[in-house]
Amino acid sequence: MFCSKKKLLEVERVVKANDREYNEKFQYADNRIHTSKYNLLTFLPINLFEQFQRVANAYFLFLLILQLIPEISSLTWFTTFVPLVLVIMMTAVKDATDDYFRHKSDDQVNNRQSEVLKDSRLQNEKWMNVKVGDIIKLENNQFVAADLLLLSSSEPHGLCYIETAELDGETNLKVRHALSVTSELGADISRLARFDGTVVCEAPNNKLDKFTGVLTWKNCKHPLNNEKIILRGCILRNTGWCFGMVIFAGPDTKLMQNSGKTKFKRTSIDRFMNILVLWIFGFLVCLGIILAIGNSIWENQVGGQFRTFLFWNEGEKNSVFSGFLTFWSYIIILNTVVPISLYVSMEVIRLGHSYFINWDRKMYYSGKVIPAEARTTTLNEELGQVEYVFSDKTGTLTQNVMTFKKCSINGRIYGEVNDDLGQKTEITKLMESIKQGDPKVREFFRLLAVCHTVMSEENNAGQLVYQVQSPDEGALVTAARNFGFVFKSRTPETITIEELGTLVTYQLLAFLDFNNVRKRMSVIVRNPDGQIKLYSKGADIILFEKLLPSHEDLRSLTSDHISEFAGEGLRTLAIAYRDLDDKYFKEWQKMLEDANASTDERDEWIAELYEEIERDLMLLGATAVEDKLQEGVIETVTSLSLANIKIWILTGDKQETAINIGYACNILTDDMNDVFVISGGTATEVKEELRKAKENLFGQNRSFSNGLVDCEKRQQLELSSVGEETVTGEYALIINGHSLAHALESDVGNDLLELACMCKTVVCCRVTPLQKAQVVELVKKHRHAVTLAIGDGANDVSMIKSAHIGVGISGQEGLQAVLASDYSFAQFRYLQRLLLVHGRWSYYRMCKFLYYFFYKNFAFTLVHFWFGFFCGFSAQTVYDQWFITLFNIVYTSLPVLAMGIFDQDVSAQNSMDYPQLYEPGQLNLLFNKRKFFICVVHGIYTSLVIFFIPYGAFYDVAGEDGQHIADYQSFAVTLATSLVIVVSVQMALDTSYWTIINHVFIWGSIVTYFCILFTTHSNGMFGVFPNQFPFVGNVWHSLTQKCIWLVILLTTVASVMPVVMFRFLKVDLYPTRSDQIRQQQRTEKKARPRRSQRSHTRRSSSRRSGYAFAHQEGYGKLITSGKNMRVQSPPPPTGLEKTLYNSTSRIEDLCKKTTDTVSSLGQDRTVQL
């Protein structure tokens, strides 16, 4: 990475405006960003270093060096050099391609244009040329180029509105305001050019919600906080222009500080392969030592007589030195146990699996024409081993769209409901009630149009546009607008609405702002008739305590309606009002003014006054807003939970938002035994809350016992506590960002992780992007489990990079998450198919491929070992040189490759219907140490059969023509033919899913073997290359003998039959879950019964107020101060506005087939893995 040199430790930053020469002496980073790993100079050394970290590559390089020594090499160096170079080049090209796209993305960002104040005029500069201390101009809807100190804006009092979706995932607007001394600069270029203020502030850090500094200008010091700073990654909204001074640039910006580093990701199978290569090398060393000792003994006892018999002129050989040379010769000969073609084949298989993901039409989103994309080819089998999914909320689980669905007014429900058959029925029509003049209905929508913090403006087309501080308020104000009560404009003293075509202006007397304690907001207005009204909306549990006693019946009925709405996952608010007496209000207003002027216990006094006036309310009803989930989220979450995958939500949203979404998508349920909330403000408080939660959890689980843990089955998970295995019931953990920071920065992290892993669901609220990555790293480090992170915004990039697998969603927040991801698609629901189908298949296929690859190579190579005892340990090869060269490249590569690419144990639909099939991957049951040793034993047995049956059959035997057939060449042809047939038949017997390609590759390989065999043994080849093809005519002599074919048949049967018998008995007596489902597939192949249609059942749920979801305290004061108001006349009435939001139906059904069908299977036969 080429960036300016930096100090070892930057304690504080000093920046002077409009003075590049002054700022350059501090050597601050420029605004260029780098997410790529290589450049032209560093690519070759770094890439080679990374590739030779793979033990196998280093192993083959070592073998290549050995083969260059003629005294010990019986194989030419070319046989290792070409495959090694080929593998390294293929991997290098792939890595270079991936990094090219990272460079392309960096260039796109770095070359964005920005207006920079230079030489007393605005000049267009690329983002990468912006320096610390520069003053830049931003315009509406423009991305912020760097971390800026806001100087002035087009809004009154130097205000500006920003959207921080790329930082924290929130799409609601936030307010920033400049210092009053700098807001006076306005857009005066000459005054801005003369601005020479100096900022002393904190060093670059990753804390998004904190900034401390001091601006010194004109001998005065002005304190700076986070409200004065606009961060890179934000978008300027609802503001014509603003000017800012660059404080942090490029890698020093808070966005980049939270981005994390691009890491080289390897699968668990890759890491296991490194261990296997070391084991195999140790095994080869042992074999080499045995054969070397044998050679030394043979040379010492037999070698002298043997040389005399052959009339060799050589002198006496040193037996020890001969054994030493023989050792290295056998190391070279036996190295085919791990041929380099293994890694080429693995890359080809992974590439094929990646194309299957790209081509999957069921993961193609036609709404935006976005297919699924595998952006890496190295992690496919890891998709079949995921245990933890870390998900963002906004834009990942939800569509980021709020819809007004239902309401209860004066005891009547308005909107669509579902009857017992799941059909939607309209109970009453709301518009008719409004037209008929129902006073309660009109007052209900009048309240929605008046009681809010929404700002309105007209766009270029003259259409009314709302700028909302929370999406909930946007949905409610838009609902009032759609039913004829249109909010038009506001000033600090008035609110203007259009009621059914009539323009009405209300005088705003007081604004009782929202906070997390009150959980409600109220406005006090005077209508044109002079009546003073208090309108209030908030959480039902709060407002119901403020009602008049005479409203008890209406309260009870409305409470039932709210429970019904909450049961459908809707976010509810209670609506109430009060008529105020003029005299009483004036007295209260006087006390409020005194409270605002007070310095002692001011907030407590104001809160008491709010409580006093917000009483004796009259209930109007309740609203129900849907934070619309993405399609298929509930089914996906249910299915992944059945697959024993734990889902953690990591979001920057408020706690109420995340909890409500958790209930909506069934991550949280009311059936859970307990939900633990951790909200301590210090490390001590957090530790105490965690301790109490664990006591509570174990208090409800008295069955806690070490003896109940099946250690052998779960040893792959490397659990740090046996508690997770013995906790009965379901629990959830909810923790906010401040508490999480204390836990991560102290020794409380292990306690947090232990509790979290005992819970079914974990929700982390108000977390920064870096904290998301830290949570992922915590689980990776201590749980040794495969993690997957999924998100759609720039605030998810660090989490995506930290997890074993990163998934980006092409959503509403740009492509930053997609560019940093390993896999991408358009909808969260596709995660189910990615893991349960493609991931499980990839893991299953790769494990099967590795088993048979090692099996065939052990069977192939160990024949040399047995032959060594019969050739004087001379390192002579038992096979023809061409057979050794072509065995792994031609004869057996394609069949095992076809198995690794196309094989499947069960269909895609059954993989989705039975998520429990995913468990073997999590427990790593299909290829582990035990499976490898079984594979080695299988290969040793096959090599014994292939060598000793022909050896015994040929011993002192004559052919049909009376000639002796026990010559070396005939023996070699018989062994080679037996080996090819045995390996092909074994592969055919264990292929679960046959395609035309499998048939062509398996049977075609046998045909190809015989074609090449006859060609290499022909007179023509010998005539042209006599030294390279010495086995002239042997195949005609050998394969025309019937006894040779009987030997081959006997060898094949003896090799295959024990395995067939063992597997038959295993499937019949101890079937796995996949064996059972595969049998069910066969029986249902002709006619699959139709799935029963389940009627819609509404989930019972506790009430969860939807208010305060993304709302923030302080907007009431901002509105009444008038700082955010533009001076403009009220717009003329325009009639009923066109509906903005289209109502869409909620997801109605959950996927329940899985539990029923797996349970029915369990009744038929015991499932064992």
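The shown structure was predicted, so the numbers you read here are calculated from the model rather than taken from an experiment.

Any two side chains of opposite charge can pair, given that their charged atoms come close. Throughout the structure, instances matching the rule amount to 42 salt bridges. Among the ionic pairs, Glu347 bridges to Arg350, the shortest N-O distance being 3.6 Å. Of this pair, Glu347 and Arg350 both sit in helix α11 (residues 341-359), separated by three residues, roughly a single helical turn. Arg350 sits in the buried class, given a relative accessible area of 1%. For Glu498, the salt bridge identified is with Lys488, shortest N-O distance 3.7 Å. Of this pair, Glu498 sits in strand β22 (residues 494-499) while Lys488 sits in strand β21 (residues 485-490), and the two are 10 residues apart along the sequence. By relative accessible area, which is 1% here, Glu498 ends up buried. Overall, Lys488 belongs to the buried group, its relative accessible area being 3%.

To continue, consider the confidence of the model for the protein chain. The predicted model of the protein chain has a mean per-residue pLDDT of 81, with 82% of residues at 70 or higher. Least confident of the elements in the protein chain is helix α22 (residues 711-714), whose mean pLDDT is 38; most confident is strand β13 (residues 241-248), at 94. Low pLDDT (under 50) marks residues 1-7, which in the prediction has 11 contacts with non-local residues, meaning those over four places away or in another chain.

Right, let's get into a negative patch on the surface. On the surface, Asp600, Glu601, Glu604 and Glu608 cluster together into a patch of negative charge. Residue placement: Asp600 occurs in the loop between α17 (582-597) and α18 (602-613).

The next point concerns the packing of helix α29 (residues 830-868) against helix α34 (residues 929-954). Across the interface, α29 lies against α34 with an axial gap of 7 Å and an inter-helix angle of 45°. When the axes of α29 and α34 are compared, the pair comes out oblique. Read as a crossing pair, α29 and α34 show a hand that is right-handed. Partitioning the contact of α29 with α34 into residue classes produces 18 nonpolar, four polar and one charged.

Below, the discussion takes up the sheet that holds strand β12 (residues 235-237). Strand order in this open sheet of three strands is β7-β6-β12, and the pairing throughout is antiparallel. Only two strands of the sheet have a single partner each, and these edge strands are β7 (173-177) and β12. Across the sheet, the axes of successive neighbouring strands diverge by a mean angle of 45°, strand direction being ignored. When strand β6 (residues 159-163) meets β12, the two strands line up antiparallel, connected through three bridges. The residue bridging Tyr161 from the neighbouring strand is Arg237, located in β12.

Cut-offs and rules
- Residues numbered from 1 in each chain as written.
- Predicted model: local features only at pLDDT ≥ 70, side-chain atom pairs only at ≥ 80, totals over all residues.
- Heavy atoms only, no water.
- Salt bridge = Lys/Arg side-chain N within 4 Å of Asp/Glu carboxyl O.
- Helix = DSSP H or I, 4+ residues; strand = E, 2+ residues; numbered from the N terminus.
- Buried < 20%, exposed > 50% of the residue type's maximum accessible area, 1.4 Å probe, protein only.
- pLDDT = per-residue confidence, 0-100.
- Contact = heavy atoms within 4.5 Å.
- Patch = residues over 30% accessible without salt bridge, like charges linked within 9 Å, V, L, I, M, F, W, Y side chains within 5 Å.
- Areas by Shrake-Rupley, 256 points an atom, 1.4 Å probe, with all protein chains shown as cover.
- Lys, Arg positive; Asp, Glu negative; His and termini not counted.
- Charge placed at Lys NZ, Arg CZ, Asp CG, Glu CD.
- Axes fitted to C-alpha atoms, helices over the stretch in contact; angles between N-to-C directions.
- Parallel < 35°, antiparallel > 145°, perpendicular 65-115°, else oblique.
- Left-handed = near helix turned anticlockwise from the far one by under 90°.
- Nonpolar A, V, L, I, M, F, W, Y, C, P; charged D, E, K, R; others polar.
- Pairing = 2+ DSSP bridges.

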